[in-house]
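# Survey of secondary and tertiary structure
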Amino acid sequence: MSPSDDFLSIGRITRSRLDLKTMLDQIVRQTLVEMGAEACVVLLLDESRQTLILKASYGFKIEAIDAVRLPKDTGVSWRIVRDKRPVSLSVAKNDPDYHFVPVSGEDKFVSMLGVPIIDEDDCFGVLYVQSVEEKEYSQEEIAKLEGISKEVAGAIKAARDFKWLRKKANVLIQLNDTARQINATNDLDEILRIVVDSTTELIGARIRITWLTGPDGDIEKNHWPESTGDSEWMGPVREGIVTDAARNQRLINVPDISSDDDYESLKRVAEVSVVCSPMIFEGHVYGVLLIGDRVANKLDYYSAFTSDEIQALKDLSQTAAQAISRATTHIRLQKALDENKQNVRELSILFQLSLAMQRTINLDDLLRVILSCVTVGSGLGFNRAIMLFVNESSNLLQGIIGMGPDSAEDAGRIWSASEQLPQDDLVPWLLARDPEEIQTSNFNIRARSLRLPLSGDEAGAIVKKVIEDKTAVNVINPDDLTASDMGLANAIDCHRFAIVPLVARDTALGAILVDNRYNNMPITDADIRLLTRFAAPAAWAIENIRLFQRWATVSKELLNIENQMARVERLSTLGEVAAELAHELKNPLVTIGGFARRLKSIYSDNQGGERYSSIIVEEVERLEKLLTNALDVSKELSINREATDINQIVRDSVDFYWRLISEQGIEVSMNLADDLVEIPIDPTWIKQVVINLILNAIEAMNCDRHSQGRKMTIVTQHGNNGAPYNRLTISDTGGGVADEDITHIFDPFFTTKSQGTGLGLSLCKKIVRLHHGSLEIDNELGVGVTFTIDLPYKAGNHLNKT
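Before going into details, it helps to say that this report is about the structure given with it. (Residues numbered from 1 in each chain as written. Predicted model: local features only at pLDDT ≥ 70, side-chain atom pairs only at ≥ 80, totals over all residues. Heavy atoms only, no water.)

## Some details on the sheet that holds strand S4 (residues 87–89)
- Taken together, 6 strands build an open sheet; the order of strands is S3-S2-S1-S6-S5-S4 and the sheet is antiparallel. With one partner strand each, in any of the chains shown, strand S3 (69–71) and S4 form the two edges of the open sheet. Strand-to-strand twist across the sheet, computed as the mean angle between neighbouring axes with direction ignored, equals 20°.
- Relative to strand S6 (residues 122–131), strand S1 (residues 39–45) is paired through 6 bridges, and the arrangement is antiparallel. Each bridged residue has a counterpart across the sheet, and for Cys-40 the counterpart in S6 is Val-129.
- The strands that helix H3 (residues 76–83) touches are S1, strand S2 (51–58), S3, S4, strand S5 (111–119) and S6; relative to S6, the one it contacts most, it runs at about 140°.
- Running over the sheet, helix H4 (residues 139–183) touches S1, S2, S4, S5 and S6 and is turned about 50° from S5. (Pairing = 2+ DSSP bridges. Helix = DSSP H or I, 4+ residues; strand = E, 2+ residues; numbered from the N terminus. Axes fitted to C-alpha atoms, helices over the stretch in contact; angles between N-to-C directions. Contact = heavy atoms within 4.5 Å.)

Set out below in structure tokens:
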């Protein structure tokens, strides 16, 4: 092939519309043939004219294309560009500017001839050939290579510019696609993932790491992705180049970290080069994007980044900053919205609790309402809750009520039902809950058995902190529980729980304990804050009801005192007129009674006369009884003791009223102990007591609803376990006494009978007490009552009873 033919071949190449890569490949091959060399290489400047990049070669490793990048003023090729003159080296490695790139495969070549590629005085690359042997290049060979360079310069430049335009368009397309992806989400992690992945596609970076700034503008400790190293290892990088880039709001490019003295820690993230770009939007730095080690053609060879790659990084950083700004704004708005929702929910719960508390003045009802709010899903939503009160007398924190499921199956049933509850009006449901269901639950029984010491060695650290420091405690890690606290955890069968104090008037009344035993949801700080806010009005509601109950008790006691004083006044007045009444009424009543009994005997055969005379006799007897009782109550009783058989008093009393007992159809059962000792009593007064109790039993059973099964049982016996007293019990089947009346049964003038005086039982109580004994009533509503009289063996002995 002749030289002219060779140049025609080069000419045809330059006139062909070839892409840059194809054109350069053909140029190096044709030049290799023309120059008779073993290797031919073309290096072109990047757009910033800071890096020479190997774009085509023959004789070098094919992977070296685009991988070999020479920073400015590095190697012989840069001298050719700078001086715009050819360089001929018989032994290239002996030149002081020679820069050996091991991965290129040029180590087998010795000589080198290189010329600048110039178009219109613009040197934008280098064309050189090499041989495996030492060689002195002639002027003709130099001129020939320069001619080839001049021939191809214009075509290469045009193809290069076109490729640059296409590359810029592709970068814009990729940036636009990246922007579309990150604008489609407000998930910050997803945005960072897209940005990091894009640095590989756009720039070819091996290392890609992002840091975000906090509210104060400082770089946060954590980075993304975390797989690049822990935060401690990355600390010097973060505090060095990353912080500088953020504070100064400028991109920092370190093309050769081995020769950089400013950031010695860069070897922790890269081997060759690092670029750190702040993510800035509207003057605010949202983070920093760091890339390192440009990778090309699958070689384990890393180089610096070109200016167009750095520009792409800057554009990507700006796009990321806008997305991060939008995402963080969304996060803040969502957080504010969630907080507002939470505040509305909290206020709704507190408002509904307030409404429910206003509708009850019963402490048990209030506690059920409070714990219902704590456990129901539309309330605070804890799985279980326990109300504990401080017992000052025993210095214990005592379980009062527990609310929650007894099993996982029970929990599922309750939660399913709770989904049907109204979210905005829980009050009717709270007040309508069945107390029996709560009281009989196993969890409530377990909760009520809790007794937690507040002082001493047995006191748990958690309980002491809650009550003494009035501070909420959230047990997240069971390993933090002390030995004394483990007792509480084991008692509730849950080792992750929280307790908040109930504080009113700067005093801890008790605490609310909560857990999530069945769904295992963690109890968060937000949960504790809400429960603490909830506990404040709950504590005051409890304190107010306690105060009301104490006020009601005091008022009742005052009312009782007033009634007692009124009775004392009546008794005093009665005492003053008793003598006059006895004098004025006794004689006429005796006369009337005597004549009435005589008339009754005269008209025994006359049904009408006998009936009316019987009425007169009964009324006279009643008036005599009223007079006698009134006199007995108003005066000091005189006790004349003598040894007496209590059994004989019983027999005499029953015999005295046997006719009345028989007429009423009452069965009498007497079980009198034969070995009772005689005791020192006043037989007259004790007989009066027995008679009064027998008459009470007769009257109680004298009504239609007790027409069947009328029975009076009288028993005498020794004291329990050989105690030194005799016991007498009188029982009836009269239906018993109403609960609201039983506490007043021995009060003077208290009666449920239409014609009663209310003095009989009061007098009985007085007589028995004067004998140092006791009189008690055992009431079984719907069945009857049992009166028990205990009288001591000796006159000076007092029974420890009321």
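## Quick look at the environment of Ile-742
- In this fold, Ile-742 is placed in helix H20 (residues 739–742).
- Each C-alpha atom of the pair Ile-742 and Asn-779 lies 7.8 Å from the other, and the pair is 37 residues apart in sequence.

## Digging into the pattern of salt bridges
- This structure, assessed with the given rule, holds 31 salt bridges.
- Note that Lys-84 and Asp-121 form a salt bridge whose closest N and O atoms lie 3.5 Å from each other. Of this pair, Lys-84 sits in the loop between H3 and S4 while Asp-121 sits in the loop between S5 and S6, and the two are 37 residues apart along the sequence.
- A relative accessible area of 58% means that Asp-121 is categorised as exposed.
- Among the salt bridges present, the one from Glu-663 reaches Arg-659, with a minimum N-O distance of 2.8 Å. Highlighted residues: Glu-663 and Arg-659, both in helix H18 (residues 658–663), separated by 4 residues, approximately one helical turn.
- You can call Glu-663 exposed: its relative accessible area is 52%.
- Within the structure, one salt-bridge network assembled from shared partners comprises Arg-49, Asp-119, Asp-122 and Lys-157. (Salt bridge = Lys/Arg side-chain N within 4 Å of Asp/Glu carboxyl O. Buried < 20%, exposed > 50% of the residue type's maximum accessible area, 1.4 Å probe, protein only.)

## Some remarks on the sheet that holds strand S17 (residues 497–504)
- If you walk across this open sheet you meet the 6 strands as S15-S14-S13-S18-S17-S16, and the pairing is antiparallel. Sheet topology places strand S15 (451–453) and strand S16 (473–475) at the edges, where each strand pairs with a single neighbour. Across this sheet, the average inter-strand angle for adjacent strands is 25°, counted without regard to direction.
- The sheet contact formed by strand S14 (residues 396–403) and S15 spans 3 bridges and is antiparallel. The residue bridging Leu-396 from the neighbouring strand is Pro-453, located in S15.
- With respect to the sheet, helix H8 (residues 363–375) is in contact with strand S13 (384–391), S14 and strand S18 (507–515), its orientation differing from that of S13 by roughly 140°.
- Here helix H14 (residues 483–492) sits on the sheet and contacts S13, S15, S17 and S18; the angle it forms with S17, its principal contact strand, is near 105°.

## Brief notes about the packing of H4 against helix H5 (residues 188–203)
- Across the interface, H4 lies against H5 with an axial gap of 10 Å and an inter-helix angle of 165°. Taken as axis vectors, H4 and H5 run roughly antiparallel relative to one another. In this structure, the crossing between H4 and H5 has a hand that is right-handed. Here Val-171, Gln-174, Leu-175, Thr-178, Gln-181 and Ile-182 of H4 lie close against H5, whose contacting residues are Ile-191, Ile-194, Val-195, Ser-198, Glu-201 and Leu-202.
- For the contact of H4 with H5, the residue count by class is 7 nonpolar, 4 polar and 1 charged. (Parallel < 35°, antiparallel > 145°, perpendicular 65-115°, else oblique. Left-handed = near helix turned anticlockwise from the far one by under 90°. Nonpolar A, V, L, I, M, F, W, Y, C, P; charged D, E, K, R; others polar.)

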